[in-house]
Amino acid sequence: MLFLALSLHSIMEGVSIGISPEVDQVVATGTAIMAHKAFAGYALGSTMVAAKDMSTRQHFWLSLVFSSTTPVGVLVGFLLLNSFDDSANAVGVVQAMVAGTFLYVSIVEVGMKELVRRDS
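Only a predicted model underlies this, so the values are computations on that prediction, with no experimental measurement involved.

A.B. asks: Could you clarify how one ought to interpret helix α2 (residues 23-50) in this entry?
C.D. replies: Within an α-helix, residues lying three or four positions from one another point in the same direction, as the helix has 3.6 residues per turn. Look at α2: 40 Å from first C-alpha to last across 28 residues, which is about the 40 Å you get at 1.5 Å a residue. Roughly 35 degrees is the biggest bend found in α2, and it falls at H36.

Below, the structure written as structure tokens:
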């Protein structure tokens, strides 16, 4: 489940970069993504290592898919950029969706598991 949540979040991050019409928005969003992408990768990687029934091949493919989700999202966002008349509103909506997925992943997928682990 964490893999799906992080992958969806990464696609949305990429869309928010691809849909940004100005360079300063791309730089700001890209900086924010780079600031936490390593932590998301670490969370996913440590979860995969803790899963005892995963093979090395599965680790490789899941890591490959996860690492390609943001670039795919950038491509989707770039293609969507031409279809919006008022791109400022579209950028705001997409960035709000990215923030929502970030909150979901951090609270439900990571935070709740840590709380449950401490109670046990």
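Following the structure, the description resumes.
A.B. asks: What should I look at first to understand the packing of aromatic side chains in this one?
C.D. replies: Aromatic ring pairs: the centre-centre distance and the angle between the two ring planes describe each pair. Summed over all chains, the structure comprises one aromatic pair. Their ring planes at 75 degrees and their centres at 5.3 Å tell us that F60 and W61 sit as a pair that is edge-to-face. Given a relative accessible area of 49%, F60 falls into the partly exposed group. Take W61: its relative accessible area is 48%, and that puts it in the partly exposed class.

A.B. asks: Is there a simple way to think about a nonpolar patch on the surface in this case?
C.D. replies: A surface patch of nonpolar side chains, amounting to about 790 Å² of accessible area, comprises M1, L4, F102, L103, Y104, I107, V108 and M112. For the nonpolar patch, the element with the most residues is helix α4 (residues 87-119), which contributes six residues. Assignment of secondary structure puts Y104 in helix α4. Looking at Y104, the relative accessible area reads 37%, which means it is partly exposed.

What counts, and where the lines are drawn
Residues numbered from 1 in each chain as written. Predicted model: local features only at pLDDT ≥ 70, side-chain atom pairs only at ≥ 80, totals over all residues. Heavy atoms only, no water. Helix = DSSP H or I, 4+ residues; strand = E, 2+ residues; numbered from the N terminus. Expected span 1.5 Å × (residues − 1). Bend = angle between axes of the 7 residues up to and from the residue. Phe/Tyr/Trp six-rings, centres within 6.5 Å; stacked < 30°, edge-to-face > 60°. Buried < 20%, exposed > 50% of the residue type's maximum accessible area, 1.4 Å probe, protein only. Patch = residues over 30% accessible without salt bridge, like charges linked within 9 Å, V, L, I, M, F, W, Y side chains within 5 Å. Areas by Shrake-Rupley, 256 points an atom, 1.4 Å probe, with all protein chains shown as cover. Salt bridge = Lys/Arg side-chain N within 4 Å of Asp/Glu carboxyl O.

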